[in-house]
Amino acid sequence: MPLDEKVLQDYLDTNWAQYRGKYRFHSGYRIDNNEFKFHYYMLDTNFRQIDIYLDVSCENKITYTFSENLHEQEQTFIVKDVVKRILKQNNQKRLLHFSLYEKFIKRELDENLVLEPMDFRDVFNYMKYHQGINQNTIDQYYGLLIPYLDNQIKHKEYKKFMDTINLLLDSILYENYWDGINFQYLDTEYQYHLYFIRKIIRMVYRHLDQFYKEVPQELLQALKTLCMHTRFTLAIMTDFGKVLLSQYYSTKTIMERLEKEFIFCDKDE
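Below: a short report on this structure. Nothing here was measured: the structure is a model prediction, and the numbers come from that model.

Quick notes on the sheet that holds strand E1 (residues 24-32)
In space, the 4 strands of this open sheet follow the order E1-E2-E3-E4, with antiparallel pairing throughout. At either margin of the open sheet sits one strand with a lone partner, and together these are E1 and strand E4 (63-66). Neighbour-to-neighbour, the strand axes of this sheet turn through a mean angle of 20°, independent of strand direction. By the bridge criterion, 9 bridges tie strand E2 (residues 35-43) to strand E3 (residues 49-57) in an arrangement that is antiparallel. Directly across from Leu-43, in E3, lies its bridge partner Gln-49. Contacts between helix H2 (residues 72-89) and the sheet are confined to E1, E2, E3 and E4, with E2 contributing the most and set at about 130° to the helix.

Rendered as structure tokens:
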């Protein structure tokens, strides 16, 4: 049975307070038609991670259970964020049933299984929930993702390729600032992804004209996202710059379109 979006929207309409809580999203995934598991976290002033887990049910009304006691405002802030995430992703096309995530990760399913970009985002969140955000999790995830991307290029499924990348960038390019006793800490996930993002950029670079011909909007969306996250982009500048400065036919047009939205500094100024 599909989710009743009215139940979700009614919760948001009823709980409209603008309080900004301390906890931030870590991961979450679906366990039944109307049930989800989520993980949120915060860092204290000594930068120790404090984790909160919650189960959310969306059948008839929003109900939830937290792993620890939190004050009502903090609970409402977290549940509102959960509901917004569920609503945002509810109508995304998926082919992999949530009961099969573990088998897919263990490569127990048919290697020729056809999947959608959103399936990979769902699997990634499942892995982060159960395995944590660490290099082993990231390495294992790209062991699944890179062959899929290779296959999309092989079959000229450029839109699926770029949709997958845009969902990935949307998932990992966050920056959370935490205040300590003497200084502030910038918490990011993307440092674990640098090697693989460079590898993906090189995959796109080898077929840049074809990507621009078939999916210009999706390609530009990814490039704009990279331009807006300067710390991350500087870390991959060798490969990212190669795309922007390449001699491909499409590069001039790409730069012209980016210059309409961003200010590029001239090296002679």
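Focus on the packing of aromatic side chains
According to the stated counting rule, one finds 20 aromatic pairs in the structure shown. Among the aromatic residues, ring-to-ring pairing joins Tyr-29, Tyr-53, Tyr-101, Tyr-126 and Tyr-129 into one connected group. The ring of Phe-25 carries the charged tip of Arg-85 above its face, separated from the ring centre by 3.8 Å. Stacked on the ring of Phe-124, the Lys or Arg Lys-128 has its end atom at 4.5 Å from the ring centre.

Some thoughts on the pattern of salt bridges
With the rule as written, the count across this model stands at 14 salt bridges. For Arg-121, the salt bridge is made with Asp-170, and the minimal N-O distance between the two is 2.9 Å. In this pair, Arg-121 sits in helix H4 (residues 117-131) while Asp-170 sits in helix H6 (residues 158-172), placing the two residues 49 residues apart along the sequence. The class for Asp-170 is partly exposed, based on a relative accessible area of 43%. Here Glu-175 ties to Arg-231 by a salt bridge, and the two come within 3.1 Å at their closest N and O atoms. One end of the pair, Glu-175, is in strand E5 (residues 175-179); the other, Arg-231, is in helix H10 (residues 230-235), with 56 residues separating them in the sequence. What makes Arg-231 partly exposed here is its relative accessible area of 44%. What you see here is one network of salt bridges that share partners, running through Lys-88, Arg-121 and Asp-170.

Structural notes on helix H9 (residues 216-228)
Under the 1.5 Å per step criterion, the end-to-end length of H9 is 18 Å for 13 residues, consistent within 8% with the ideal 18 Å. Listing the buried residues of H9 in full gives Glu-218, Leu-219, Leu-220, Ala-222, Leu-223, Thr-225, Leu-226 and Cys-227.

Cut-offs used in this document
Residues numbered from 1 in each chain as written. Predicted model: local features only at pLDDT ≥ 70, side-chain atom pairs only at ≥ 80, totals over all residues. Heavy atoms only, no water. Pairing = 2+ DSSP bridges. Helix = DSSP H or I, 4+ residues; strand = E, 2+ residues; numbered from the N terminus. Axes fitted to C-alpha atoms, helices over the stretch in contact; angles between N-to-C directions. Contact = heavy atoms within 4.5 Å. Phe/Tyr/Trp six-rings, centres within 6.5 Å; stacked < 30°, edge-to-face > 60°. Lys NZ or Arg CZ within 6 Å of the ring centre and 35° of its normal. Salt bridge = Lys/Arg side-chain N within 4 Å of Asp/Glu carboxyl O. Buried < 20%, exposed > 50% of the residue type's maximum accessible area, 1.4 Å probe, protein only. Expected span 1.5 Å × (residues − 1).

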